[in-house]
Amino acid sequence: MTSAAPPRLAGRPATLVIDGRVEAGRALLVPRGELVHGCADVLAEALDALPAGVGRVDLDMGDVVFMDTAGLQFLELLRDHGDRRAVPVTARNWTGQPRRILELLGLDTDAPLHGTPRPRTPEPVRSAVAVERSERLGMLQEEVEQLRQAIASRPVIDQARGVLMALHSCTPDEAWHILREASQLSNTKLRTVAAAVTAGACGDGPPPPPEVRAALRTALERAER
């Protein structure tokens with residue numbers, strides 16, 4: 001069974017695909033792609049396609065590469081499915097940016113369904129927990145917007161990651177963190193830092209600006225510790 005989201009733009013691939021299988025009454029679903037607008041609809045289609053008699057639904061989230069606030073709707077729908085069918089549901093193996101989003105929201109990355117906020121009538125007086133969650137959501141929106149811009153510039157960023165991996169024997173995740181930290185330290189857009197790294201790798205290319213070079217050097221030193 002496979003369920004795919006409609007493309008965001010004509011001619012572009014779906015942002016989320018859910019593969020799955022059912023064995024001995026257990027459904028294993030594997031989402032691949034991004035938890036963005038429309039992801040809950042894709043999950044609803046996958047859940048509706050499950051045969052009768054499924055007694056457990058487990059999601060392996062390891063192939064989800066990006067998540068924004070739509071991911072909370074995805075988790076809420078999954079939890080509601082478990083409540084309605086009275087079956088256990090899990091969503092485990094979060095990695096990369098989606099795991100960071102769960103951590104930022106204060107959710108258990110091994111069992112995020114237990115802490116996913118449900119819609120509720122606003123209370124007259126906001127509790128300290130509500131205030132803290134609101135602040136975390138603000139931070140989440142800011143980080144997601146930064147990452148959206150990064151994804152829009154993915155080709156040049158991927159090239160820069162490749163340069164760093166070749167020159168400094170680092171992993172893809174480490175290269176990403178180096179670029180991002182250099183962007184923050186130099187107060188320079190991530191795409192600009194990536195373009196400078198890529199251009200500087202060419203034999204006749206210009207070196208990165210001094211502030212970017214200094215930020216990259218600091219980020220590399222921290223990564224090597």
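Residues numbered from 1 in each chain as written. Predicted model: local features only at pLDDT ≥ 70, side-chain atom pairs only at ≥ 80, totals over all residues. Heavy atoms only, no water.

Undergrad: Which residues make up the side chain of H81, and what values do they have?
TA: Mapping H81 onto the fold places it in helix α2 (residues 70-85). Once you skip the residues sitting within four places of it in the chain, H81 turns out to touch L47, V57 and V89. (Helix = DSSP H or I, 4+ residues; strand = E, 2+ residues; numbered from the N terminus. Contact = heavy atoms within 4.5 Å.)

Undergrad: Hey, could you go over the side chain of T109 for me, with residue numbers and the actual values?
TA: Relative to the helices and strands, T109 resides in the loop between α3 (96-104) and α4 (128-152). A residue is classified by how much of its surface remains accessible, and T109, at 9% relative accessible area, is buried. Of note is the side chain of T109, whose polar atom sits 3.1 Å from the side chain of R99. Not counting chain neighbours up to four residues away, the residues in contact with T109 comprise A91, W94, R99, L102 and E103. (Buried < 20%, exposed > 50% of the residue type's maximum accessible area, 1.4 Å probe, protein only. Polar contact = N/O pair within 3.5 Å; in protein donor to acceptor, adjacent residues only side chain to side chain.)

Undergrad: Any chance you could break down the pairing of strand β2 (residues 16-23) for me, citing the residues and the numbers?
TA: With 8 bridges joining them, β2 and strand β3 (residues 26-35) adopt antiparallel strand pairing. Residue pairing in the sheet places V22 in a bridge with A27 of β3. Linking two consecutive strands that pair antiparallel, namely β2 and β3, is a turn of 2 residues; a positive phi of about 50° is found at A24 within it. (Pairing = 2+ DSSP bridges.)

Undergrad: Can you lay out the nonpolar core for me, pointing to particular residues and giving the numbers?
TA: Core analysis: the largest hydrophobic core is formed by 33 residues, its most contacted members being L29, L35, V57, L59, F74 and L78. A160, V163, A182 and A194 belong to the second largest nonpolar core, which has 20 residues in total. (Core = buried A, V, L, I, M, F, W, Y, C linked by side-chain atoms within 4.5 Å.)

Undergrad: Can you lay out helix α8 (residues 210-223) for me, pointing to particular residues and giving the numbers?
TA: For α8, which comprises 14 residues, the first-to-last C-alpha distance of 20 Å matches the rise-based estimate of 20 Å (1.5 Å per residue) to within 8%. When α8 is considered as a whole, its buried residues turn out to be V212, A215, L216, A219 and L220. Projected down its long axis, α8 carries its buried residues within an arc of 135°, all on one side. (Expected span 1.5 Å × (residues − 1). Arc of directions from axis to C-beta.)

Undergrad: Explain the pattern of salt bridges to me, and be specific about the residues and the numbers.
TA: Applying the stated criterion across every chain, the model contains 9 salt bridges. A salt bridge links D19 to R32, with the nearest nitrogen and oxygen atoms 2.8 Å apart. With a gap of 13 residues between them, D19 in strand β2 and R32 in strand β3 connect regions that are remote in the sequence. A salt bridge links E103 to R99; its shortest N-O distance comes to 3.6 Å. Of this pair, E103 and R99 both sit in helix α3, 4 residues apart, which is roughly one turn of the helix. (Salt bridge = Lys/Arg side-chain N within 4 Å of Asp/Glu carboxyl O.)

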